[in-house]
Amino acid sequence: MYRIRITERLVMVVEAEADDEAEAKEQVKDDWFNQEYVLDSENFASVEFECVKAR
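Residues numbered from 1 in each chain as written. Predicted model: local features only at pLDDT ≥ 70, side-chain atom pairs only at ≥ 80, totals over all residues. Heavy atoms only, no water.

Trainee: Just checking my understanding: could you explain the pattern of salt bridges for this structure?
Mentor: As a working rule, side chains carrying opposite charge can pair if their charged atoms are close by. Under the definition given, this model contains 2 salt bridges. Across the salt bridge formed by R5 and E50, the nearest N and O atoms sit 3.2 Å from each other. Linking R5 in strand 1 (residues 2–10) with E50 in strand 2 (residues 44–54), this pair joins segments that are 45 residues apart in sequence. (Salt bridge = Lys/Arg side-chain N within 4 Å of Asp/Glu carboxyl O. Helix = DSSP H or I, 4+ residues; strand = E, 2+ residues; numbered from the N terminus.)

Spelled out as structure tokens, the structure:
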């Protein structure tokens, strides 16, 4: 038996008005934690299949 890890990558680009990059990242991070951005299948970017370990 093989264990296969499936990793999906979702991507969304949003705009943030801020004084600098760090502030923009923090603002978007806070908004994401508050569920203002919810990524779903429409944000699908890629998938990987990797053998983790044989049993």
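Past the structure itself, the notes keep going.
Trainee: Help me understand the confidence of the model for the protein in this model?
Mentor: Keep in mind that low pLDDT regions are not for reading the predicted coordinates in detail. Averaged over the protein, the pLDDT score is 96; the fraction of residues at 70 or greater is 100%. Across the protein, element-level confidence peaks in helix 1 (residues 21–33) with a mean pLDDT of 98 and bottoms out in strand 2 with 94. (pLDDT = per-residue confidence, 0-100.)

Trainee: Whenever I open this one, the side chain of N43 confuses me. Can you help?
Mentor: By the element assignment, N43 lies in the loop between helix 1 and strand 2. On the basis of relative accessibility, which here comes to 15%, the residue N43 falls in the buried class. Apart from residues lying up to four places away in sequence, N43 is in contact with R9, L10, V11, M12 and V38. (Buried < 20%, exposed > 50% of the residue type's maximum accessible area, 1.4 Å probe, protein only. Contact = heavy atoms within 4.5 Å.)

Trainee: Please explain a nonpolar patch on the surface as it appears in this structure.
Mentor: Judged by side-chain polarity, Y2, I4, I6, L10, F44, V47 and F49 come together as a nonpolar surface patch covering roughly 740 Å² of accessible area. When residues of the nonpolar patch are traced back to their parent elements, those giving at least two are strand 1 and strand 2. Sort the elements by how many residues they give to the nonpolar patch and strand 1 lands first, with 4 residues. According to the relative accessible area criterion, I6 is exposed, its value standing at 55%. (Patch = residues over 30% accessible without salt bridge, like charges linked within 9 Å, V, L, I, M, F, W, Y side chains within 5 Å. Areas by Shrake-Rupley, 256 points an atom, 1.4 Å probe, with all protein chains shown as cover.)

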